Amino acid sequence: MKKKDAIKFLICIPCYNCLETIGRLLSSIEKQHYSKLVVVICDDSDNDELSLNIFDIKKKYQSITIDYYKREDSYEYHCPGNTRNSLLKRALSHYNSDYIMFADNDDILEFDALQTVSDFIVDNTKPEVVVTDFNEWNEENKEYLSKITGNTWLHGKFYKTEFLKSFNINFKMELYTHEDLYFNCTVDSIIESMNLRKMHLSLNTYKWVYNEDSLSRRGFREGRHCFIEKYLNDYIHAASDPFIKAALVTKEYGPIAYRRCIDTLLYAYFYYQGALYRMNGNILPSCKDSIQSYIYRLMKTFNISKNDVISLVYASPAEYMEKKQYSFMGVGPYIESESFGDFLLRI
């Protein structure tokens, strides 16, 4: 028989001007019907709307233990990486939880998902990380748009508190974008090097709510340089730095780290091609510079040639096409102007 509410969960929620959406998320948390649960909300807003209404919010969702605080620390530059670090620090220092998860203030947890996750954790003797599936969700039409699995975002992931604390895992400070990617790549690098456990539970736990006004989608609608194009250098460093740093420190690298660094280059190429296609060749010069710099960093770190990279990337055509399809989420559908191999040898 399963032990009800066996695992103590803590949910970290960063909030920025979120008064209109936070109720939707809290309602979905309340519908977990899970007792061993604490919600920590960090208010990083540029107004006082949430702080002025937090008393009524706590009263409305009184079945949930809610810890709210207004972020007033020493960081002048407020960005997602800093805010999530503030949340994580508070979670680790103020509470005795078993697992930590992150939720965006405008998203939704699937009904009664936490008990199934708790059972899975107990049955598998508490792995360091549990990865579940999530769906993109259209709140207006109440319909699922796409199922997402095997990603490097924070959604639907549960991190063992002691694991995060023992290895001092944090978000990269002052990172405006891809802070979740850097965090998860750090997690994966440690799990591989220390032979720890990251397990997948085939369960939809999270609804990632579609928002056409988000920074990442606004560029598509307005014909501007898209989000991933502007911040391609952030993406490259967030996806590769944890693995490259580990390789430099240990003077060795595992096959997973090596593959992840190669995949970062491949995705950077896909994003470059997508932006090139969307902008009719009028791409930001910084994109090419970022990729070129990363190529030579890869070659130096792993002592490989461009032909070595090309051979690995083309080893599985099906995997190549799968990753290209996945890149459409960042830049939309596109036609490559040249092959990956020609691009790599030319640049």
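So, a few notes on the structure that sits alongside this text. If you're wondering where the values come from, they're calculated on a predicted model, not measured in any experiment. (Residues numbered from 1 in each chain as written. Predicted model: local features only at pLDDT ≥ 70, side-chain atom pairs only at ≥ 80, totals over all residues. Heavy atoms only, no water.)

### Considering the pattern of salt bridges
Working step 1: Within this structure, the stated rule accounts for 17 salt bridges.
Working step 2: For Lys172, the salt bridge identified is with Asp241, shortest N-O distance 3.6 Å. Linking Lys172 in the loop between helix H5 (161–166) and helix H6 (179–194) with Asp241 in helix H9 (residues 232–250), this pair joins segments that are 69 residues apart in sequence.
Working step 3: We classify Lys172 as partly exposed; its relative accessible area is 28%.
Working step 4: By relative accessible area, which is 4% here, Asp241 ends up buried.
Working step 5: When salt bridges with common partners are traced through the structure, they connect Arg259, Asp263, Glu319 and Lys323 into a single cluster. (Salt bridge = Lys/Arg side-chain N within 4 Å of Asp/Glu carboxyl O. Helix = DSSP H or I, 4+ residues; strand = E, 2+ residues; numbered from the N terminus. Buried < 20%, exposed > 50% of the residue type's maximum accessible area, 1.4 Å probe, protein only.)

### Some remarks on the nonpolar core
Working step 1: Leu232, Tyr235, Leu265, Ile291, Phe302, Val309 and Phe340 are the most contacted members of the largest nonpolar core, which has 44 residues in total.
Working step 2: Among the elements of the structure, H6, H9, helix H10 (255–278), helix H11 (285–302), helix H12 (306–313), helix H13 (317–331) and helix H14 (340–346) are those that each provide at least two residues to this core.
Working step 3: Of all the elements, H10 adds the most residues to this core, at 14 residues.
Working step 4: With near-sequence residues (within four places) excluded, Leu232 lies in contact with Ala268, Tyr271, Cys287 and Ile291.
Working step 5: The next biggest cluster of nonpolar side chains, apart from the first, holds 36 residues, and it includes Phe9, Cys15, Phe158 and Leu201. (Core = buried A, V, L, I, M, F, W, Y, C linked by side-chain atoms within 4.5 Å. Contact = heavy atoms within 4.5 Å.)

### Some thoughts on unusual backbone geometry
Working step 1: Here the phi dihedral of Thr125 falls at roughly 50°; this positive angle occurs in a residue that is not glycine.
Working step 2: Take Thr125: it is sitting in the loop between helix H4 (113–123) and strand E6 (129–138).
Working step 3: Thr125 gets classed as exposed once you look at its relative accessible area, which sits at 59%.
Working step 4: Even without glycine at this site, Lys126 takes up a positive phi of about 55°.
Working step 5: If you trace the backbone, Lys126 turns up in the loop between H4 and E6.
Working step 6: By relative accessible area, which is 37% here, Lys126 ends up partly exposed.

### Thoughts on the packing of aromatic side chains
Working step 1: Applying the stated rule across the entire model yields 26 aromatic pairs.
Working step 2: Aromatic side chains Phe171 and Phe183 sit 4.3 Å apart centroid to centroid with 15° between the ring planes, which places their arrangement in the stacked category. Of the two residues, Phe171 sits in the loop between H5 and H6 while Phe183 sits in helix H6, which places them twelve residues apart along the sequence.
Working step 3: Overall, Phe183 belongs to the buried group, its relative accessible area being 0%.
Working step 4: Centre to centre, the rings of Tyr269 and Phe340 are 5.3 Å apart; their planes meet at 75°, and the pair counts as edge-to-face. Within this pair, whereas Tyr269 is found in helix H10, its partner Phe340 is found in helix H14, the two being separated by 71 residues in sequence.
Working step 5: Taking the relative accessible area as the measure of exposure, Tyr269 reaches 0% and is therefore buried.
Working step 6: Aromatic ring contacts, followed pair by pair, group Tyr235, Tyr267, Tyr269, Phe270, Tyr271, Tyr272, Tyr314, Tyr320, Tyr326, Phe340 and Phe343 into a single cluster.
Working step 7: For the cation-ring pair, Lys207 lies above Trp137, with the distance from its terminal atom to the ring centre recorded as 3.9 Å. (Phe/Tyr/Trp six-rings, centres within 6.5 Å; stacked < 30°, edge-to-face > 60°. Lys NZ or Arg CZ within 6 Å of the ring centre and 35° of its normal.)

### Section: the state of the cysteines
Working step 1: Taken as a whole, this structure holds zero disulfides when the rule is applied.
Working step 2: Between Cys42, a free cysteine, and Cys15, which holds the nearest cysteine sulfur, the sulfur-to-sulfur gap is 8.2 Å.
Working step 3: Given a relative accessible area of 0%, Cys42 falls into the buried group. (Disulfide = S-S within 2.5 Å.)

### Observations concerning the environment of Ala275
Working step 1: Here Ala275 shows up in helix H10.
Working step 2: Ala275 sits 47 residues away from Glu322 along the chain, and the two C-alpha atoms are 19 Å apart.
Working step 3: Setting aside residues no more than four positions away along its own chain, Ala275 makes contact with Glu229, Ile283 and Val331.

### Side note on the environment of Lys288
Working step 1: Note that Lys288 resides in helix H11.
Working step 2: For the pair Lys288 and Ala268, spaced 20 residues apart in sequence, the C-alpha to C-alpha distance is 9.5 Å.

### Observations concerning H4
In an α-helix, one full turn covers 3.6 residues, which means residues spaced three or four apart are oriented alike.
Working step 1: A large share of H4 lies buried, amounting to eight of its eleven residues.
Working step 2: For H4, the elements touching its buried residues are strand E1 (9–15), strand E2 (37–43), strand E4 (99–102), E6, strand E8 (157–160) and strand E9 (198–209).
Working step 3: A positive backbone phi angle near 50° is found at Thr125, which sits one or two residues after H4.

### Quick word on the environment of Ile57
Working step 1: Mapping Ile57 onto the fold places it in helix H2 (residues 49–60).
Working step 2: Using a relative accessible area of 12% as the deciding quantity, one classes Ile57 as buried.
Working step 3: With 119 residues separating them along the chain, Ile57 and Tyr176 place their C-alpha atoms 29 Å apart.
Working step 4: Apart from residues lying up to four places away in sequence, Ile57 is in contact with Leu19, Ile22, Leu26 and Leu50.

Read these as geometric descriptors, not functional statements.
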